[in-house]
Amino acid sequence: MADTGEQEDEGGGWDDDEFDVPDLGPAVDDGETSDAAAAVVGDAHVAAADEWLAEVKTPAADPPPAASAAAAKPVDDRPMIIVDMTLLAAKEGLPELHNRFDRNGVNDVDTKSMLTKRVTKDYARYAADADLIAKGIVRPCGSSVWKDALAQLRDDVPGHFFGPIFP
């Protein structure tokens with residue numbers, strides 16, 4: 001035989017390969033077979049499928065709330081504020097800020113940076129200003145939920161740039 005670079009199959013072709021397939025006998029429906037087993041394997045060998053399905057383990061139930069609360073890490077829920085930089089810039093006579101083209105971006109990063117530094121420096125005044133809170137410019141928030149709240153605000157008020165301010 002010429003060397004073609006291919007290996008010759010010593011065991012012959014597919015026609016003469018023997019596979020060890022156990023004979024489970026004819027499929028018998030004894031009336032005690034579950035519907036789940038029938039759905040998995042059809043009508044063939046349903047008794048063997050029942051035995052296989054019986055070995056499936058269900059996941060453990062969730063621990064009671066009291067036990068999971070005791071084991072859970074403490075939640076960091078310090079107060080912070082979310083500021084509508086668009087309205088604050090307009091109120092303070094600064095150039096217009098918006099995020100019309102990207103809900104997470106801002107058109108004037110220098111003005112945004114200056115406002116962020118100003119509000120952070122005087123955090124207590126802005127966080128307690130009832131007029132700003134009533135107008136929706138400043139929104140009190142907890143540090144454990146600020147990311148979801150910020151995303152929701154950016155969806156609810158398109159074009160306005162909201163920024164988180166931490167004390």
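A. The overall build of the protein chain, seen in detail. Within the protein chain, the regular secondary structure consists of 8 helices and 3 strands. Helices (α) and strands (β) of the protein chain occur, in sequence order from the N terminus, as α-α-α-β-α-α-α-α-β-α-β. Burial status across the protein chain gives 25% buried among its 167 residues. Within the protein chain, residue pairs in contact and separated by at least 24 positions form 62% of the contacts whose partners lie at least 6 positions apart. Here the protein chain has roughly 12,300 Å² of accessible surface; of this, 54% comes from carbon and sulfur atoms.

B. Local environment of the nonpolar core. In this structure, Ile 81, Ile 82, Val 83, Met 85, Leu 88, Val 119 and Ile 165 are the most contacted members of the largest nonpolar core, which totals 23 residues. With 4 residues, strand S1 (residues 79-84) is the largest single contributor of residues to this core. Dropping the residues within four chain positions of it, Met 85 is found in contact with Leu 97, Leu 115, Thr 116, Phe 161, Gly 163 and Ile 165.

C. Spatial organisation of the pattern of salt bridges. Using the criterion set out here, one finds 3 salt bridges in the structure. Glu 92 is the salt-bridge partner of Arg 118, the closest N and O atoms lying 2.1 Å from each other. Of this pair, Arg 118 sits in helix H5 (residues 109-121) while Glu 92 sits in the loop between helix H4 (85-91) and H5, and the two are 26 residues apart along the sequence. Judged by relative accessible area, Glu 92 falls into the partly exposed class, the value being 30%.

Reading guide: rules and limits
- Residues numbered from 1 in each chain as written.
- Predicted model: local features only at pLDDT ≥ 70, side-chain atom pairs only at ≥ 80, totals over all residues.
- Heavy atoms only, no water.
- Helix = DSSP H or I, 4+ residues; strand = E, 2+ residues; numbered from the N terminus.
- Buried < 20%, exposed > 50% of the residue type's maximum accessible area, 1.4 Å probe, protein only.
- Contact = heavy atoms within 4.5 Å.
- Areas by Shrake-Rupley, 256 points an atom, 1.4 Å probe, with all protein chains shown as cover.
- Core = buried A, V, L, I, M, F, W, Y, C linked by side-chain atoms within 4.5 Å.
- Salt bridge = Lys/Arg side-chain N within 4 Å of Asp/Glu carboxyl O.

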